[in-house]
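Geometric and topological summary
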Amino acid sequence: MQLILASASPRRQALLGIFRIPFAVRAADIDETMDPALPPREAVAAVSCRKALAVQAGPDDVVIAADTIVVCGGKILGKPHSEVEAREMLALLSGREHQVMTGCTLRRGGKSCTFTEVTDLRFRPLSPKEIADYVATGEPMDKAGAYGIQGGAALFCEGLHGDYYNVMGLPLCALGQRLKEIAPELFA
């Protein structure tokens, strides 16, 4: 049996390493476009499911796939495509509550388990200069919602309710519980 992470994300790799279980990385090459007809929590779960199914694995291997979005006022914020879009996203989040949703799928043989973890956050009001300075660091460009809570955006977050690691892209507490169910021998 092999544990496989279907992601090239260095953050997800570092987070999965917290379990101290050896794993392989096999990035899923799929179209990550979300179905606009689905509610955000279902749409992000569907993407994680497609990622899990796209990765080659043996019948006893365990595949972990995840996808993360930020939702503010019903609007889904993925990764920004430009600095302008990053500034727009951060301006939208300024002084507001929002949710980070990570869809996560575990697949082993013909069985799979998909769930969505939701963490609520509140950003303090941000000045245009703070937003511009943060975007200029380049940090927002590969992150959903244009921010990394583990980096410079830590200075923006007034409050958080839920799994902190979910905001980084992998809900460790819920993932650990599901892993114990689908592959208890990993924890023996």
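All of these numbers come straight from a predicted model, not from anything done at the bench.

**Describing the layout of surface pockets**
A volume near 680 Å³ is recorded for the largest pocket. Along the wall of the largest pocket there are 32 residues; nearest its centre are Arg 12, Glu 32, Asp 67, Thr 68 and Lys 79. In terms of residue count, strand β3 (residues 62-72) provides more of the lining of the largest pocket than any other element does, four residues in total. In the lining of the largest pocket, the residues fall into 15 nonpolar, nine polar and eight charged.

**Looking at the pattern of salt bridges**
Side-chain pairs of opposite charge can arise where the charged atoms are in close proximity. Following the criterion strictly, the structure yields nine salt bridges and no others. Its salt-bridge partner being Lys 51, residue Asp 67 comes within 3.1 Å of it at the nearest N-O pair. On the criterion of sequence distance, the pair formed by Asp 67 in strand β3 and Lys 51 in helix α2 (residues 40-54) is long-range, its members being 16 residues apart. Residue classification places Asp 67 among the buried residues on the basis of a relative accessible area of 7%. Classification of Lys 51 as buried rests on a relative accessible area of 6%. In this structure, the salt-bridge partner of Asp 142 is Lys 143, at a minimum N-O distance of 2.8 Å. Taking the relative accessible area as the measure of exposure, Asp 142 reaches 35% and is therefore partly exposed. Connected via shared salt-bridge partners are Arg 11, Asp 142 and Lys 143.

**A word on the environment of Leu 15**
Inspection of the secondary structure assignment puts Leu 15 in helix α1 (residues 10-17). By relative accessible area, Leu 15 is classed as buried at 4%. Between the C-alpha atoms of Leu 15 and Leu 170, which are 155 residues apart in sequence, the distance is 6.9 Å. Apart from the residues within four sequence positions on either side, Leu 15 is in contact with Tyr 165, Met 168, Leu 170 and Leu 172.

**Concerning the nonpolar core**
In summary, soluble globular proteins display a tendency toward joint burial of nonpolar side chains. Within the largest apolar cluster, 41 residues are counted, with the highest numbers of intra-cluster contacts made by Leu 3, Ile 64, Leu 90, Leu 106, Tyr 147, Leu 175 and Leu 179. Residue contacts for Ile 64: discarding those within four places in its chain leaves Leu 3, Ile 4, Leu 5, Ala 6, Leu 16, Cys 104, Thr 105, Leu 106, Leu 175 and Leu 179.

**Describing unusual backbone geometry**
Backbone geometry at Arg 20 places phi at a positive 60°, although glycine is not the residue there. Tracing the sequence through the fold places Arg 20 in the loop between α1 and β2 (24-25). We note that Ala 146 has phi near 70°; this positive angle belongs to a residue other than glycine. Mapped onto the elements, Ala 146 comes out in the loop between α4 (128-136) and β7 (157-161). The buried category is assigned to Ala 146, whose relative accessible area is 0%.

**Let's talk about the side chain of Lys 51**
A polar contact is formed between the side chain of Lys 51 and the side chain of Asp 67, at a distance of 3.1 Å. Here Lys 51 is in contact with Ala 6, Arg 12, Ala 28, Ile 30, Glu 32, Ala 65, Ala 66 and Asp 67, once residues within four sequence places are set aside.

Reading the values: rules and limits
Residues numbered from 1 in each chain as written. Predicted model: local features only at pLDDT ≥ 70, side-chain atom pairs only at ≥ 80, totals over all residues. Heavy atoms only, no water. 1 Å grid on protein atoms, 1.4 Å probe; cavity = no way out; pocket = protein on both sides within 12 Å on 5 of 7 lines; lining within 4 Å. Points joined across faces, edges and corners; volume = space filled by probe spheres on them. Helix = DSSP H or I, 4+ residues; strand = E, 2+ residues; numbered from the N terminus. Nonpolar A, V, L, I, M, F, W, Y, C, P; charged D, E, K, R; others polar. Salt bridge = Lys/Arg side-chain N within 4 Å of Asp/Glu carboxyl O. Buried < 20%, exposed > 50% of the residue type's maximum accessible area, 1.4 Å probe, protein only. Contact = heavy atoms within 4.5 Å. Core = buried A, V, L, I, M, F, W, Y, C linked by side-chain atoms within 4.5 Å. Polar contact = N/O pair within 3.5 Å; in protein donor to acceptor, adjacent residues only side chain to side chain.

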